[in-house]
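Overview (structure and organization)
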Amino acid sequence: MDQSPVPPPDAAPRPARRSAQGELRDNLWFLLWLVLGVALFRSFLLSPFVIPSESMLPRLLIGDYLFVSKWNYGFSRHSLPFSAPLIPGKLFASLPQRGDIVVFKAPPLDHDDYIKRVIGLPGDSIQLVRGQVILNGQPLPLTPLKDFRIALTPNYGFDKCAEPYRELIRGKFFCHYRAYRETLPGGRHYTVLDRGASPGDDTPVFHVPPGHVFMMGDNRDDSADSRFPAVAGGGIGFVPVENLEGKAVFMFFSTDGSAQWLLPWTWASAARWDRIGRGF
C-alpha cells in the first residue's frame, strides 16, 4: 500500500508574521478612531467641566467636577473642540429656562468657558436695585436663610476670603456669607450669597436682545457676569445663544485641593464625597 511520507515538523507551513509597519499602522488607526470617538462624545453628548472660581457659590465650589449635557440648547462651533468652525450658526437651537446652570463661551473673546445661571431670556428686562433682581418689572422674592459657611482649604484659601468674613470654629477657619433664597416666576428657586454693598447691586435696566440671554453668578458680590460690559478679563454682557455649550447635569467628583499626586492616600482624604453624584 502506497503511503506518502509524513513531512518533518520543520516543513509544516508557518503563519506569515505581520510586519512592524503593519502593526504600527493598525495602532495608529485605533488611536485615530479612539480620539474621534472621544471628540464626538464630548461634542454632542457629555463633556466634563471643572469649577475654577467661587462665582457660583454656594451651589458650586472650586474643585467640583461635573458633566455638561451638550444637546439641550443645540449645537454650534462652540460645541466642538477648540470651537472649530465646522457648524454654521446654531443647529437645533433651543432656549434655556430661567434658572438653568449653563456652560458657555464668554464674550467678548469667545474662547474662555464660563458657568453661570440663566436669569433673563430674549425680550426680558432686568435691573438690580440694592441687590434685588427686578425681572420684567417684578422683584424676585428674597427669603433670608441661615448664613453659608465654607471651610478654607488649599483651593479656597485666605486670598478668597477677606478678614471680616473669616471665622475660627474649633480650630478651623471658615468664610461666611449671608444667604438668601431667590425665587423665579413659576417657583423655581436657588440660594444666592451677599456680602453687602457692591458695584453690581444697583444697575440700569437691561433689555435682553433677541438671540441672547442674561447670566448671573449666585455669589452676587464676586461674579463677573451680564451686569457688567463685555471686557476681556471682566464682565460678559449679554451672551449669544450660539455661545451656549451645554447644561450642568450632575457632579462626578469634588476635591478641596489638598491631594498630592505622589501621595495616593491623600486622594481620598481630599475628596468631598458628600458632593459626588449631586444633580442639578
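The structure contained in this document is the topic of the report that follows. Note that this is a predicted model, so its numbers are computed, not measured. (Residues numbered from 1 in each chain as written. Predicted model: local features only at pLDDT ≥ 70, side-chain atom pairs only at ≥ 80, totals over all residues. Heavy atoms only, no water.)

Brief notes about the overall build of the protein
Selection criterion: A run of H or I in DSSP becomes a helix once it reaches four residues, and a run of E becomes a strand once it reaches two; helices and strands are each numbered from the N terminus. What the globule rule says is 2.2 Å times the number of residues to the power 0.38, and the radius of gyration is computed from C-alpha atoms. Burial status follows relative accessibility: with a 1.4 Å probe on protein chains alone, a residue under 20% of its type maximum counts as buried, one over 50% as exposed, and anything between as partly exposed. Note on areas: these come from Shrake-Rupley sampling with a 1.4 Å probe, and a residue is covered only by the protein chains present in the view. Under the convention used here, Asp and Glu are negative, Lys and Arg are positive, and both His and the chain ends fall outside the count. Every charge is mapped to an atom, namely NZ of Lys, CZ of Arg, CG of Asp or CD of Glu.
The helix and strand inventory of the protein stands at two helices and 15 strands. In terms of overall size, the protein is more extended than a compact globule, its C-alpha atoms giving a radius of gyration of 26 Å where 280 residues would be expected to give roughly 19 Å. Once the C-alpha set of the protein is aligned to its principal axes, its extents read approximately 110 × 55 × 35 Å. Each of the 280 residues in the protein was classed as buried or not, and the buried ones make up 40%. Total accessible area on the protein is roughly 15900 Å²; 62% of this is exposed by carbon and sulfur atoms. Once the 30 positive and 27 negative side-chain charges of the protein are each reduced to a mean point, those two points are 3 Å apart.

Some words on a nonpolar patch on the surface
Condition: Like charges within 9 Å and nonpolar side chains (Val, Leu, Ile, Met, Phe, Trp, Tyr) within 5 Å are joined into patches, using only residues over 30% in relative accessible area that form no salt bridge. The term salt bridge refers to a pairing of a side-chain nitrogen on Lys or Arg with a carboxyl oxygen on Asp or Glu at a separation within 4 Å.
Together, Leu 24, Leu 28, Phe 30, Leu 31, Leu 34 and Val 38 make up a nonpolar patch on the protein surface, roughly 590 Å² of accessible area in all. Secondary-structure assignment places Leu 24 in helix α1 (residues 20–44).

Let's talk about unusual backbone geometry
The general pattern is negative phi for most residues beyond glycine and trans for most peptide bonds. The linkage connecting Leu 57 with the following residue, Pro 58, adopts the cis geometry, with an omega of 5°. Notably, Asp 110 is not glycine yet its phi reads approximately 60°, a positive angle. Within the secondary structure layout, Asp 110 lies in the loop between β3 (101–105) and β4 (113–120). The backbone of Arg 130 sits at a positive phi, close to 50°, despite the residue not being glycine. Mapping Arg 130 onto the fold places it in the loop between β5 (125–129) and β6 (132–135).

Considerations on the sheet that holds strand β13 (residues 212–216)
Formally: Note: two strands are recorded as paired if DSSP finds a minimum of 2 bridges between them.
Overall, antiparallel pairing links the seven strands, which are arranged β1-β2-β15-β3-β4-β13-β14 in an open sheet. The sheet terminates laterally at β1 (46–50) and β14 (239–240), the two strands that pair on one side only. The sheet contact formed by β3 and β4 spans five bridges and is antiparallel. Within the sheet, the bridge partner assigned to Lys 105 lies in β4 and is Asp 113.

Thoughts on the sheet that holds strand β7 (residues 138–139)
The four strands are arranged β7-β6-β5-β12 in an open sheet whose pairing can be described as antiparallel. Among the strands making up the open sheet, the edge pair consists of β7 and β12 (206–207). In this sheet, β12 lies alongside β5 in antiparallel orientation, the contact comprising two bridges. Its bridge partner lying in β12, Ile 126 is registered against Phe 206.

Let's talk about the pairing of β13
In terms of burial, β13 is a largely internal element, four of the five residues being buried. Two strands pair when backbone bridges link them, and β13 and β14 are joined in this way by two bridges, in the antiparallel orientation. Note that in β14 the partner of Val 213 across the bridge is Val 239.

Some details on the nonpolar core
A general feature of soluble globular proteins is that nonpolar side chains tend to end up buried together. Threshold: Only buried Ala, Val, Leu, Ile, Met, Phe, Trp, Tyr and Cys residues count toward a nonpolar core, and they belong to the same one when joined by side-chain atoms within 4.5 Å. Contact between two residues is taken to exist if any of their heavy atoms lie within 4.5 Å; hydrogens are not considered.
Ile 119, Ile 126, Val 133, Leu 140, Tyr 190, Phe 214 and Met 216 are the most contacted members of the largest nonpolar core, which totals 13 residues. Sorting the residues of this core by element identifies β5, β6, β11 (189–194) and β13 as the ones contributing at least two each. Residues within four places of Ile 126 in sequence aside, it is in contact with Ile 119, Gly 120, Val 133, Ile 134, Leu 135, Pro 204, Val 205, Phe 206, Val 208 and Phe 214.

Some thoughts on the packing of aromatic side chains
As a reminder of what qualifies: Ring pairs shown here join Phe, Tyr and Trp side chains whose ring centres sit within 6.5 Å, with only the six-membered ring taken for Trp; geometry is labelled stacked below 30 degrees between planes, edge-to-face above 60, and tilted in between.
For the coordinates displayed, the defined rule picks out twelve aromatic pairs. Both rings, one in Phe 44 and one in Phe 75, keep their centres 5.1 Å apart while their planes meet at 70°; by these two values the pair is edge-to-face. Within this pair, whereas Phe 44 is found in helix α1, its partner Phe 75 is found in the loop between β2 (64–69) and β3, the two being separated by 31 residues in sequence. The exposure class of Phe 44 is partly exposed, given its relative accessible area of 29%. Plain terms: the ring middles of Trp 261 and Trp 267 are 5.9 Å apart, the flat faces sit at 70° to each other, and that makes the pair edge-to-face. Judged by relative accessible area, which is 40%, Trp 267 ranks as partly exposed. One aromatic cluster in this structure is built from Tyr 65, Phe 67, Phe 250, Phe 252 and Phe 253.

Such coordinate-based values are descriptive only and should not be taken to indicate function.
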